[in-house]
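So you can see what is in the structure, the chains are spelled out below.
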Amino acid sequence: MWNREHFGDTLKRIKMIEEELNKLEEDTSQRQLSTQEELKLRQLQEALWTTAQAHESLLRQKARVRWIKQGDCNSRYFHLMMNANRRNNYLKGVMVSGTWVHDLR
């Protein structure tokens, strides 16, 4: 609830800004924009950038919350792979001056 009150619907806001930008860009192809219209164009581009960043941040936070709640679905697989790699990379001993040493501690 706080998110909607604070940020609003970011996706809807992005679409509204894009529509306004498209209208101004269509006007650009037909005629030269006034100084006020150019200023509005820059403000809309900046607002689009800011809103897109906020939307991306929101999606990242939602994904993080979902991951915390649900966990990693593949965790058993990855633990098995890590343990297999650990077994394969384990040194049972070392050859030192022609003598095999078993105790590496």
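For the structure itself, consult the block above.
Just so it is clear, the model here is predicted, and its values are computed rather than measured.

Engineer: Talk me through the packing of aromatic side chains; I want residue IDs and the actual numbers.
Structural biologist: Counted according to the given criterion, the structure contains one aromatic pair. Judged by centre distance (5.2 Å) and plane angle (70°), the ring pair of Tyr 77 and Phe 78 falls under edge-to-face.

Engineer: So what's going on with the nonpolar core? Which residues, and what values?
Structural biologist: Of all hydrophobic cores here, the largest spans seven residues; its members are Ile 17, Leu 21, Leu 24, Leu 33, Leu 41, Leu 44 and Ala 47. Secondary-structure elements contributing two or more residues to this core are helix H2 (10-30) and helix H3 (35-70). In contact with Leu 24, other than residues within four places in its own chain, are Leu 33, Glu 37, Lys 40, Leu 41 and Leu 44.

Engineer: Pulling in residues and values, what's your account of the pattern of salt bridges?
Structural biologist: All chains considered together, the criterion is met by four salt bridges. A salt bridge links Arg 31 to Glu 37; the nearest nitrogen and oxygen atoms lie 2.9 Å apart. The exposure class of Arg 31 is partly exposed, given its relative accessible area of 41%. Where Arg 60 meets Glu 56, a salt bridge forms, and the shortest distance between an N and an O atom there is 3.3 Å. Remark: Glu 56 and Arg 60 occur in helix H3; sequence separation between them is four residues, near one turn of the helix. Put simply, Asp 27, Arg 31 and Glu 37 are held in one network by salt bridges that share partners.

Engineer: With reference to specific residues and values, describe the packing of H2 against H3.
Structural biologist: The N-to-C vectors of H2 and H3 enclose an angle of 155°; their axes lie 9 Å apart at closest approach. By the criterion of interaxial angle, the relationship of H2 to H3 is roughly antiparallel. The handedness of the crossing between H2 and H3 comes out as left-handed. Contacts between H2 and H3 involve Thr 10, Leu 11, Arg 13, Ile 14, Ile 17, Glu 18, Glu 20, Leu 21 and Leu 24 on the former and, on the latter, Glu 37, Lys 40, Leu 41, Leu 44, Gln 45, Ala 47, Leu 48, Thr 51, Ala 52, His 55 and Leu 58. Residue composition of the contact of H2 with H3, grouped by class: 11 nonpolar, four polar and five charged.

Each value, and the rule that gives it
Residues numbered from 1 in each chain as written. Predicted model: local features only at pLDDT ≥ 70, side-chain atom pairs only at ≥ 80, totals over all residues. Heavy atoms only, no water. Phe/Tyr/Trp six-rings, centres within 6.5 Å; stacked < 30°, edge-to-face > 60°. Core = buried A, V, L, I, M, F, W, Y, C linked by side-chain atoms within 4.5 Å. Buried < 20%, exposed > 50% of the residue type's maximum accessible area, 1.4 Å probe, protein only. Helix = DSSP H or I, 4+ residues; strand = E, 2+ residues; numbered from the N terminus. Contact = heavy atoms within 4.5 Å. Salt bridge = Lys/Arg side-chain N within 4 Å of Asp/Glu carboxyl O. Axes fitted to C-alpha atoms, helices over the stretch in contact; angles between N-to-C directions. Parallel < 35°, antiparallel > 145°, perpendicular 65-115°, else oblique. Left-handed = near helix turned anticlockwise from the far one by under 90°. Nonpolar A, V, L, I, M, F, W, Y, C, P; charged D, E, K, R; others polar.

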